[in-house]
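Fold and geometry: a report
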Amino acid sequence: MQRKNFLRTSLAVGITAIFGSPAASHPGSARLSTLPRIVRSDEGRPVTVLGDRMRIKLTAEDTNGLFTLIEEDNAAGVQIPPHIHEHEDEVFYVLAGELELTVGDQTTVLQAGDLAFGPRGVPHSWRTIGSSTTRVLLSVFPAGLEAMFAELGELPPGPPDMATVTEVCGRYGIRFV
Ligand SMILES: O=C(Oc1cc(O)cc(O)c1C(=O)O)c1ccc(O)c(O)c1
């Protein structure tokens, strides 16, 4: 090996030994403790949040904190009022039925196969419409909001006490607008 190549190789080996390889430190490689998971259609923790029927399919624990995956399955008439997430970006992917969604200044009807991206800090709201069940796959980046949904799901049935809802949501960086 030529002296220049020897020095370059030695330096690369030393840096990798001290800091790890660049690929290993990339967030996408998230190899720390994530294990493969199979989640069947009827699996996941069921939670009802303000009339919204959810199944929490993947949590922070499953994804090493990268994202949460939730399926929402509702008849027409369920609605979530305008709010902002301080910490999360969200993707709403419609699997079946119809969802009227507003994100920022755009209001649209999403049908099976359509999706919307709601970045953090941008107000959004939605309601289920149409004559059949609306099924939405909600992906939340990063993970963690499942803890808030679980708390809200513990509230007594019936009309929600908005002071409590606002307090719980506020702790997770959700603001109503
Ligand atoms: O965090 C809130 O948003 C949501 C609540 C849901 O039940 C389903 C969702 O898809 C979302 C979302 O982020 O779009 C939330 C919680 C409580 C509340 O009163 C809200 O208006 C929104």
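Just so it is clear, the structure is predicted and the values come from calculations on it, not from any experiment.

Quick look at empty space enclosed by the protein
Rolled over the atoms, a probe with the dimensions of a water molecule shows which regions are left empty. Enumeration over the complete set of coordinates arrives at 1 cavity of 30 Å³ or more. Roughly 220 Å³ of volume is contained in the largest cavity. Around the largest cavity, the lining is made up of 21 residues, and of these Ile 80, His 83, His 85, Met 148 and Phe 149 lie nearest the centre. Among the secondary structure elements, those contributing two or more residues to the lining of the largest cavity are β2 (52-58), β4 (79-85), β5 (89-96), β9 (124-129), α4 (145-153) and β11 (174-176).

Examining the sheet that holds strand β7 (residues 106-111)
Within the open sheet, the 5 strands sit side by side as β7-β6-β9-β4-β11. Their pairing is antiparallel. Pairing within the sheet leaves two strands with one partner each, and these edge strands are β7 and β11. Across this sheet, the average inter-strand angle for adjacent strands is 30 degrees, counted without regard to direction.

Points about the UniProt feature "domain: Cupin type-2" (unreviewed entry) in the protein chain
Within the UniProt annotation, "domain: Cupin type-2" (unreviewed entry) is assigned to residues 77-138. Across residues 77-138 one finds 0% helix and 68% strand; the C-alpha atoms that close the span lie 18 Å apart.

Some details on the packing of aromatic side chains
Two aromatic rings, taken as a pair, are described by how far apart their centres are and by the angle between their planes. For the structure on display, the rule yields 1 aromatic pair. Between Phe 67 and Phe 141, the aromatic rings sit 5.9 Å apart at their centres with planes inclined by 35 degrees, giving tilted as the arrangement. Of this pair, Phe 67 sits in the loop between α3 (60-63) and β3 (68-74) while Phe 141 sits in strand β10 (residues 134-141), placing them 74 residues apart in sequence. Since its relative accessible area comes to 26%, Phe 67 is described here as partly exposed.

Looking at helix α5 (residues 162-171)
Of the positions making up α5, those classed as buried are Val 165, Val 168 and Cys 169. Down the axis of α5, the sector holding all buried residues measures 95 degrees, keeping them to one side. Check the buried side of α5 and you find it contacts α4 and β11.

What to know about the sheet that holds strand β1 (residues 45-49)
Note: strands within a sheet are paired through backbone hydrogen bonds, in either parallel or antiparallel orientation. Read across the sheet, 6 strands follow the order β1-β2-β3-β10-β5-β8 without closing on themselves; strand pairing throughout is antiparallel. Here the strands that pair on one side only, and so sit at the sheet edges, are β1 and β8 (115-118). The sheet shows a mean angle of 25 degrees between the axes of neighbouring strands, direction not considered. The pairing of β5 with β10 spans 7 bridges and is antiparallel. Its bridge partner being in β10, Ala 96 is matched across the sheet by Arg 135. Strand contacts of α4: β1, β2, β3 and β10, with the helix running at about 65 degrees to β1, the strand carrying the most contacts.

The rules we used
- Residues numbered from 1 in each chain as written.
- Predicted model: local features only at pLDDT ≥ 70, side-chain atom pairs only at ≥ 80, totals over all residues.
- Heavy atoms only, no water.
- 1 Å grid on protein atoms, 1.4 Å probe; cavity = no way out; pocket = protein on both sides within 12 Å on 5 of 7 lines; lining within 4 Å.
- Points joined across faces, edges and corners; volume = space filled by probe spheres on them.
- Helix = DSSP H or I, 4+ residues; strand = E, 2+ residues; numbered from the N terminus.
- Pairing = 2+ DSSP bridges.
- Axes fitted to C-alpha atoms, helices over the stretch in contact; angles between N-to-C directions.
- UniProt positions renumbered as here; feature names shortened; annotations may be inferred.
- Phe/Tyr/Trp six-rings, centres within 6.5 Å; stacked < 30°, edge-to-face > 60°.
- Buried < 20%, exposed > 50% of the residue type's maximum accessible area, 1.4 Å probe, protein only.
- Arc of directions from axis to C-beta.
- Contact = heavy atoms within 4.5 Å.

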